[in-house]
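Coordinate inspection notes
Spelled out from the first residue to the last, the chains are:
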Amino acid sequence: MMIRTDILQGDCRDVLATLADNSIDLIFTSPPYADQRKTTYGGITPDRYVEWFLPITEQLLRVLKPTGTFVLNIKEKAAKGERSTYVLELILEMRKQGWLWTEEFIWHKKNCYPGKWSNRFRDAWERLLQFNKDRRFNMYQEAVMVPTGDWKHKRLAKLSATDKIRDTSKTVSGFGKNISHWLDRPQAYPSNVLHLATECANKNHSAAFPEALPEWFIKLFTQDGNTVLDPFMGSGTTNIVAQRMGRNSIGIEIQTEYCELAKQRLEPAAIKLFDIKQNYGTFTENPLYAVH
Ligand SMILES: C[S@@+](CC[C@H](N)C(=O)[O-])C[C@H]1O[C@@H](n2cnc3c(N)ncnc32)[C@H](O)[C@@H]1O
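Residues numbered from 1 in each chain as written. Predicted model: local features only at pLDDT ≥ 70, side-chain atom pairs only at ≥ 80, totals over all residues.

Broken down by element type, the chain carries 8 helices and 14 strands. Within the chain, the fraction of its 292 residues that count as buried is 34%. Partitioning the contacts of the chain with sequence separation of at least 6, the portion at a separation of at least 24 is 69%. (Helix = DSSP H or I, 4+ residues; strand = E, 2+ residues; numbered from the N terminus. Buried ≥ 20, exposed ≤ 12 C-beta atoms within 10 Å, placed from the backbone. Contact = placed C-beta atoms within 7 Å.)

Moving on, we get to the packing of helix α6 (residues 212-221) against helix α7 (residues 237-244). At a minimum axis separation of 9 Å, α6 and α7 run at an interaxial angle of 50 degrees. Considered as vectors, α6 and α7 are oriented oblique to each other. Our pair here, α6 against α7, has a crossing hand that is right-handed. Residues P214, E215 and I218 of α6 form the contact with α7, whose participating residues are T237, T238, V241 and A242. A breakdown of the residues in the contact of α6 with α7 according to their chemical character gives 4 nonpolar, 2 polar and 1 charged. (Axes fitted to C-alpha atoms, helices over the stretch in contact; angles between N-to-C directions. Parallel < 35°, antiparallel > 145°, perpendicular 65-115°, else oblique. Left-handed = near helix turned anticlockwise from the far one by under 90°. Nonpolar A, V, L, I, M, F, W, Y, C, P; charged D, E, K, R; others polar.)

Attention shifts here to unusual backbone geometry. Its identity is not glycine, yet N22 carries a phi of approximately 45 degrees, on the positive side. Phi is positive for K80, close to 50 degrees, though the residue is something other than glycine. Residue position: K80 is located in the loop between β4 (78-79) and β5 (82-83).

With that settled, the discussion passes to α7. The buried count for α7 comes to 7 of 8 residues, which makes it a mostly enclosed element. Residues of α7 that are buried: T237, T238, N239, I240, V241, A242 and Q243. In this fold, the buried residues of α7 make contact with β1 (5-9), β2 (24-29), α6, β11 (227-230), β12 (248-253) and α8 (256-265). Just beyond α7, the residue with positive phi is G246, at close to 80 degrees.

Next up on the list: the nonpolar core. Buried together is how nonpolar side chains tend to be arranged in soluble globular proteins. In terms of nonpolar packing, the biggest core is built from 54 residues, with L26, I27 and F217 touching the most fellow members. Ranked by the residues each element gives to this core, the list is headed by α6, at 6 residues. Setting aside anything within four residues of it in sequence, one finds L26 in contact with G68, T69, F217, I218, F221, T222, N226 and V228. (Core = buried A, V, L, I, M, F, W, Y, C linked by C-beta atoms within 7 Å.)

This brings us to the packing of helix α3 (residues 46-63) against helix α4 (residues 86-97). As a packed pair, α3 and α4 sit with axes 10 Å apart at the nearest point and diverge in direction by 35 degrees. Crossing of α3 over α4 shows right-handed handedness. The segment α3 lies against α4, with P46, Y49, V50, F53, L54, T57, E58 and L61 engaging Y86, E89, L90, E93, M94 and Q97. Class assignment of the residues belonging to the contact of α3 with α4 gives a composition of 9 nonpolar, 2 polar and 3 charged.

Turning our eyes to something else, we now look at the site of the ligand. Around the ligand, a shell composed of 20 residues is seen, among which A208, F232, G234, S235 and T237 lie nearest. Each residue belonging to the shell around the ligand can be placed in one class, and the counts come to 11 nonpolar, 6 polar and 3 charged. (Near = placed C-beta within 6 Å.)

Right, let's talk about the environment of I74 for a bit. Secondary-structure assignment places I74 in strand β3 (residues 64-74). Take I74: there are 20 C-beta atoms within 10 Å of it, and that puts it in the buried class. The sequence separation of I74 and P31 amounts to 43 residues, and the corresponding C-alpha distance is 7.2 Å.

Turning our attention to the pairing of β12. Of all the 6 residues making up β12, 6 are buried; the element is thus mostly covered by neighbouring parts of the structure. Alternating residues of β12 divide into N248, I250 and I252 and S249, G251 and E253, and every residue in both groups is buried. Where β1 lies against β12, 5 bridges are found, and the strand directions are parallel. Along β12, the bridge assignment pairs D6 with I250. Sheet analysis places β11 next to β12, joined by 4 bridges and oriented parallel. Bridge assignment links L229 to a residue of β12, and that residue is I250. Remark: the β11/α7/β12 crossover connection has right-handed handedness. (Pairing = 2+ DSSP bridges. Right-handed = clockwise from strand over helix to strand, strands pointing away.)

Below you can see the structure in the form of structure tokens.
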């Protein structure tokens, strides 16, 4: 099977308009967070963030298949003694746009830097907000199962007979459901908290995420030959993982140097770099050049 990896250079607010309706299975991205890394790629202030982002999510809604999923990695920082609320406001506005806010996953950063702040503790997690167009979307839960582990023997040994039948938990132990039938199973479904280290293979982009992050969501929401989009591609982590996993992908990035970086990191055979300034209708038909 031929896997396509298309890198589109330009502002995703313009580039997204060239993608076909209902053509993407998974959108996985980490946009610039408000007011962060201004010197690297500009910063949008928290009070303007929603206004800046909504035209983009409108396009994302259009290009996503009805069975597809949009996962947004974002985390508001604290300033002047308060957490910013722009992410919460964004969720509310996106719901008005027609998105369902289906789930929120937490990325627990296992190895975040230690530190001391006067009125809070260190940030050790980021949000992965899941949005969908429809309540019925593709989800391949078996692809992300985890080993049940030895803990089950220790914890189940303490349960009474009534705790082992389907019943409301009396102890708020989390064992309200009949979990005894998981005893003999080698694998269980994971929770919505992902414990991943922050380090990533790419040292040339200041905000690259670890490959394990897109990998987990690509497994969960796509199958071979599906198409993944990252509209804020950066160094191409999402596309590199998608390519390795046999998924087609499209990456959009405003900075030429990051497009070049992604190109170097990708397997060359299937890469095509497009210049979005050309008016070429469907971008898939008119590559400016192909790297083989
Ligand atoms: C948080 S970084 C993404 C890093 C990426 N996940 C990786 O692993 O390398 C956000 C990226 O979005 C790019 N960007 C910012 N505004 C953009 C826009 N309007 N259109 C496309 N890319 C944009 C920035 O240049 C930056 O590389």
